Amino acid sequence: MTSLFDLSGKRALVTGASKGIGLASARLLSQLGAQVTVSARGEADLVRAASEIGARAIVADVSHAAEIERLVQEAGEIDILVSNAGGPPTGLPSLVDDEGWQRGFELTFMSTVRLSRALVGGMRARGWGRVITITSLTVGRPSLGLPVSNALRAGVTNFARSLALEVARDGVTVNTVAPGYTATERLQEVFKSPEDAERVMSRIPAARFGSADEVASAVAYLSTAGAAYITGQEILVDGGWSI
Ligand code: NAD
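Keep in mind it's a predicted model, so treat the numbers as computed, not measured. (Residues numbered from 1 in each chain as written. Predicted model: local features only at pLDDT ≥ 70, side-chain atom pairs only at ≥ 80, totals over all residues. Heavy atoms only, no water.)

## A few points about the site of the ligand
Turning to step 1, where the next piece is worked out: Close to the ligand lie 29 residues, the nearest being Ser18, Asp61, Ala85, Arg153 and Thr184.
Turning to step 2, where the next piece is worked out: Asp61 is positioned with one of its side-chain polar atoms (N or O) 2.7 Å from a nitrogen atom of the ligand.
Turning to step 3, where the next piece is worked out: Compared with its free state, where it exposes 830 Å², the ligand has 93% of that area covered by protein.
Turning to step 4, where the next piece is worked out: Residue assignment for the shell around the ligand shows that the elements contributing at least two residues are α1 (20-31) and α6 (185-190).
Turning to step 5, where the next piece is worked out: Here the shell around the ligand gets three residues from one element, more than from any other, and that element is α6.
Turning to step 6, where the next piece is worked out: Its residues placed into classes, the shell around the ligand shows 11 nonpolar, 12 polar and six charged. (Near = heavy atom within 4 Å. Polar contact = N/O pair within 3.5 Å; in protein donor to acceptor, adjacent residues only side chain to side chain. Areas by Shrake-Rupley, 256 points an atom, 1.4 Å probe, with all protein chains shown as cover. Helix = DSSP H or I, 4+ residues; strand = E, 2+ residues; numbered from the N terminus. Nonpolar A, V, L, I, M, F, W, Y, C, P; charged D, E, K, R; others polar.)

This is how it looks when you write it as C-alpha cells:
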C-alpha cells in the first residue's frame, strides 16, 4: 500500500530555503521522497543547503517579478510550492515609510501571488497540487514592532483562501503555515536584547521557542495526499501562544 505520507514522484519548490524554516521544510519534503528544488538570494548558503539535502539550487530574489519568472521557468513543473522568504521591514507603525511598505509588499505579498499564479495552472492541469505559504503568528495577533508583517500577512492569508476557492475542484490545496517564535536567525533579528527574548518566552505556554523542524512538519503534512481535504486553512505552530 502506498503511504499517505509518501511524496515520491512529487516535485517541490521551496523558496527562502538556504536556512531556517525554508531549509527545514525542503529537507523534510526530500526525506519524504519529493524531488526538491531550493531557492534563495545568496548563492553560497544556498548551494551548501542544496548539497546537504540532495536538492537542486536556483538563486533568485523573490521580491522581483523578473527573478520569479526566471525561477519558475528554470524549475519546470512543480507539484508542491512552499512560498517563503525573509521577514519584511520592522519598525513602529507610525514610523515605517512608503519605501518600507513597498519593499514589504514586494517581498511578503507579491512573492506569494506571483509564485502561486505562475505554478497553479500546471498543478490544476495535472489534477494535483499544493501551495503552502509561510506566514506568521502576527496574522492573528499583531506585534507592535512588526506592522508590515501584521498587515501584509493578513493579506497573504486571505489571498491564499481566495485561491483555495478557485482551485479546490482541481485537486489543488492552498494553505498557510504560521510559525510562532521559532529559533532561527530571523528570531535573533526580532529581539533587541536577551531580556526581550526572556520576556517573550515567559508568555509562551509551551515555555520554549519552536524549532524550524516543527514548522516544517506542518508544511510536510499539508503536502501529503493525506491532507487532500484541507484547504484554505492556516496551521499555527506556536506552542500555544495564540490560545
Ligand atoms: P531566516 O532568516 O532563518 O531564513 C530566511 C530565508 O529566506 C533565508 O534562506 C534567506 O536567504 C531567504 N530570503 C530572504 N529574503 C529573500 C528574498 N528576497 N528572496 C529569496 N530568499 C530570501 O528566517 P526564518 O526564521 O526561517 O523565517 C522564515 C519566514 O517565517 C520569514 O518570513 C519570517 O518572517 C517568518 N516567521 C519567522 C518566525 C521566527 O520566529 N523565526 C516567526 C514568525 C514568522
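## Here's the deal with the confidence of the model for the chain
Turning to step 1, where the next piece is worked out: In this model, the chain carries a mean pLDDT of 96, and residues with pLDDT of at least 70 account for 99%.
Turning to step 2, where the next piece is worked out: Here α6 is the element of the chain with the lowest mean pLDDT, 79, and strand β4 (residues 80-83) is the one with the highest, 99. (pLDDT = per-residue confidence, 0-100.)

## Observations concerning the packing of aromatic side chains
Turning to step 1, where the next piece is worked out: Under the defined criterion, the tally for this structure stands at six aromatic pairs.
Turning to step 2, where the next piece is worked out: Ring centres of Tyr181 and Phe191 lie 5.9 Å apart, and the angle between their planes is 15°; this geometry places the pair in the stacked category. Note that Tyr181 is positioned in the loop between β6 (172-179) and α6 and Phe191 in the loop between α6 and α7 (194-201), a separation of 10 residues in sequence. Accessibility assignment for this pair places Tyr181 and Phe191 in one class, buried.
Turning to step 3, where the next piece is worked out: Joined through ring pairs, the aromatic side chains of Tyr181, Phe191, Phe209 and Trp241 make up one cluster.
Turning to step 4, where the next piece is worked out: For the cation-ring pair, Lys10 lies above Trp128, with the distance from its terminal atom to the ring centre recorded as 4.0 Å.
Turning to step 5, where the next piece is worked out: Above the ring of Trp128, the side-chain terminus of Arg130 is found at 4.2 Å from the ring centroid. (Phe/Tyr/Trp six-rings, centres within 6.5 Å; stacked < 30°, edge-to-face > 60°. Buried < 20%, exposed > 50% of the residue type's maximum accessible area, 1.4 Å probe, protein only. Lys NZ or Arg CZ within 6 Å of the ring centre and 35° of its normal.)

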